[in-house]
Amino acid sequence: MIGKTMGSAALLLCGTLALQAQADVRMNQIQVVGSHNSYHAGLTPGVKAILAKQNPKALRSLDYSHPTLTKQLDSGVRQLEIDVHADAKGGRYAHIAADDAIAKAGLPADPPYNTDGKMNQPGFKVMHVTGIDQRTRCTLFTDCLREVQAWSKAHPKHVPLFLLIEAKEEQPHLPGTPMPEPFTPAVFDALDKEIRSVFTPAELITPDDVRGSGKDLPSAITEHGWPTLESARGKVVFLLDNRKFTAMYSEGHPALRGRVLFTNSAPGTPESAFEEQNNGTAESIDASVKQGIIVRTRTDEGTEEARTNDTTRRELALRSGAQIISTDYPPGEKSQWSDFIVELPNGLAARCNPLIAPKDCSDAAVNDK
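Below is a short write-up of the structure. (Residues numbered from 1 in each chain as written. Predicted model: local features only at pLDDT ≥ 70, side-chain atom pairs only at ≥ 80, totals over all residues. Heavy atoms only, no water.)

Let us look at the overall build of the protein chain. Counting its secondary structure elements, the protein chain contains 15 helices and 11 strands. For a compact globule of 369 residues, the expected C-alpha radius of gyration is about 21 Å, and the protein chain comes in at 22 Å, within 12% of that figure. For the protein chain, the spread of C-alpha atoms along the three principal axes comes to 90 × 50 × 40 Å. Buried residues in the protein chain amount to 56% of all 369 residues. Counted over contacts in the protein chain with a minimum sequence separation of 6, partners at least 24 positions apart contribute 73%. Counting only carbon and sulfur atoms, one obtains 55% of the accessible surface of the protein chain, whose full area is about 15800 Å². Averaging the positions of the 40 positive and the 46 negative side-chain charges in the protein chain gives two centres separated by 2 Å. (Helix = DSSP H or I, 4+ residues; strand = E, 2+ residues; numbered from the N terminus. Rg over C-alpha atoms; globule rule 2.2 N^0.38 Å. Buried < 20%, exposed > 50% of the residue type's maximum accessible area, 1.4 Å probe, protein only. Contact = heavy atoms within 4.5 Å. Areas by Shrake-Rupley, 256 points an atom, 1.4 Å probe, with all protein chains shown as cover. Lys, Arg positive; Asp, Glu negative; His and termini not counted. Charge placed at Lys NZ, Arg CZ, Asp CG, Glu CD.)

Let us now look at the nonpolar core. In terms of nonpolar packing, the biggest core is built from 62 residues, with Phe141 and Phe238 touching the most fellow members. In terms of residue count, the dominant contributor to this core is strand S4 (residues 161–168) (six residues). Discounting chain neighbours no more than four positions away, the residues touching Phe238 are Phe141, Leu145, Leu163, Ile165, Ile195, Phe199, Leu204, Val260, Leu261 and Phe262. Core analysis: the second largest hydrophobic core is formed by 19 residues, Leu59, Ala97, Ala98 and Ile132 among them. (Core = buried A, V, L, I, M, F, W, Y, C linked by side-chain atoms within 4.5 Å.)

Evaluated as defined, the whole model comprises two disulfides. Disulfide pairing is shown between Cys138 and Cys144; the S-S distance is 2.0 Å. Here the S-S torsion is close to 90 degrees, and the disulfide linking Cys138 with Cys144 is therefore right-handed. According to the relative accessible area criterion, Cys144 is buried, its value standing at 1%. Here Cys352 engages in a disulfide with Cys361; their sulfurs sit 2.1 Å apart. Between Cys352 and Cys361 the disulfide shows an S-S torsion of about -90 degrees. By sign, it is left-handed. Cys361 matches Cys352 in its accessibility class, with the two residues each being buried. (Disulfide = S-S within 2.5 Å.)

The subject of this paragraph is helix H5 (residues 97–104). Three or more residues of H5 are buried, namely Ala97, Ala98, Ala101 and Ile102. Axial view of H5: buried residues confined to an arc of 145 degrees, hence all on one face. Of the exposed residues in H5, the ones pointing more than 90 degrees away from its buried face are Ala103 and Lys104. For H5, the secondary structure elements touched by its buried residues are helix H2 (45–54). (Arc of directions from axis to C-beta.)

Here we come to the pairing of strand S1 (residues 30–35). In terms of burial, S1 is largely enclosed, as six of its six residues are buried. Pairing of S1 with strand S11 (residues 351–352), which is carried by two bridges, proceeds in the antiparallel orientation. Opposite Gln31, over in S11, you have Arg351 as the bridge partner. As defined by bridge partners, S1 adjoins strand S10 (residues 324–327) across four bridges and the pair is classed as parallel. Paired with Ser35 across the two strands is Thr327, which belongs to S10. (Pairing = 2+ DSSP bridges.)

Here we take up helix H6 (residues 141–154). Taking 1.5 Å per residue as the helical rise, H6 with its 14 residues ought to reach 20 Å, and the 20 Å between its terminal C-alpha atoms agrees with that figure. For H6, a buried count of 10 out of 14 residues is recorded, marking the element as mostly surrounded by other parts of the structure. The set of residues buried in H6 consists of Phe141, Thr142, Asp143, Cys144, Leu145, Glu147, Val148, Gln149, Trp151 and Ser152. Taken together, the buried residues of H6 touch helix H4 (69–75), strand S2 (79–85), strand S3 (125–126), S4, helix H7 (185–198) and strand S6 (236–240). (Expected span 1.5 Å × (residues − 1).)

This part takes up the pairing of S4. Within S4, eight of the eight residues are buried, which leaves the element mostly enclosed by the surrounding structure. Along S4, one buried face is formed by Leu161, Leu163, Ile165 and Ala167 and the opposite face, lined by Phe162, Leu164, Glu166 and Lys168, is buried too. Examined bridge by bridge, S2 and S4 share seven bridges and lie parallel to one another. Residue pairing across strands places Ile82 opposite Ile165, the latter belonging to S4.

Right, let's get into the side chain of Ser219. Along the chain, Ser219 turns up in helix H9 (residues 217–224). Among the polar contacts listed, one links the side chain of Ser219 to the side chain of Asp216, at a separation of 2.5 Å. (Polar contact = N/O pair within 3.5 Å; in protein donor to acceptor, adjacent residues only side chain to side chain.)

Bringing unusual backbone geometry into the picture now. Although it is not a glycine, Asn37 adopts a positive phi angle of roughly 50 degrees. Locating Asn37 in the fold gives a position in the loop between S1 and H2. For Asn37, a relative accessible area of 1% corresponds to the buried category.

What follows deals with the pattern of salt bridges. All told, the structure shown has 21 salt bridges when counted by the stated rule. Between Arg78 and Asp368 there is a salt bridge, with its nearest N and O atoms 2.5 Å apart. Taken together, the positions of Arg78 in the loop between H4 and S2 and Asp368 in the segment after helix H15 (363–366) put the pair 290 residues apart, joining distant regions of the chain. Between Arg259 and Asp192 there is a salt bridge, and its shortest N-O distance comes to 3.1 Å. (Salt bridge = Lys/Arg side-chain N within 4 Å of Asp/Glu carboxyl O.)

Quick look at the structure:
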């Protein structure tokens, strides 16, 4: 009886210690897989034919697609990338210039565009290349946000979802494509407003949440660390892809006070908490991760690795401390040319970070619950 009692007590103690260990894991001490250009619906036959004649290299690079955001999240993707184009008045991108080029070339017309009229509405639009590659899984930025929010509410114990936002203002590639609406501090104000029109403060993790009363993000992370994984479950983190916009986005918002997105910032700057190292070496990635920075890297680009099943970058990324590993071929989306796919072992949506997770971290415990 005494032995049984002591055995039960020991098991209870071990269980308590295990729970405590997992409670101590921080949200930056995990690793997840994300999709690149997550909204991308793929090229239409007419656009493929035009690019085959005018820009075969671009056709090769753009020859991929993704299912809906919901299906990606269901498959284990935990970082989504959304490209946004400013369109304050609406209608700027309601026509695809490629349709004119297709007609001029005497090719069969692509399916009708903007049949629901959403492109005529004011607000940010989601697409890849204006005038050419505009087909998307969610036309309005708020459409994408509401889809993610609905999935999140249905899975309240998920690890934090990272939404990487790329602000696009590229110059036209085809005649008839309108000039882009440039990003300004006011336009970024409008971007934040659209995000907050969908997500409540309780559904977000923002720079203010991480910095607290600290003077800047690096010192706050050094002193207090990122929020715990348990407190971050069910929440969404927004990241700004373009480093060139970091100064503009933080203008009037020192250390990102009052902002929604974490910027892609150089280590040591007041905004530094997130960094992209898409082609980073293991040494450079790990150096940033050890400073408390959340790092996103890529395993493939422009379909090249997938065509030859070159896993070099994939293996480097998975061995590194990068918290976000981005690919065109996430779980459930194997390459059409080879077995190339990027996923965590055993079908996990998240695992303990290979570099900085506590020694007693358990993949099963940090994964979605």
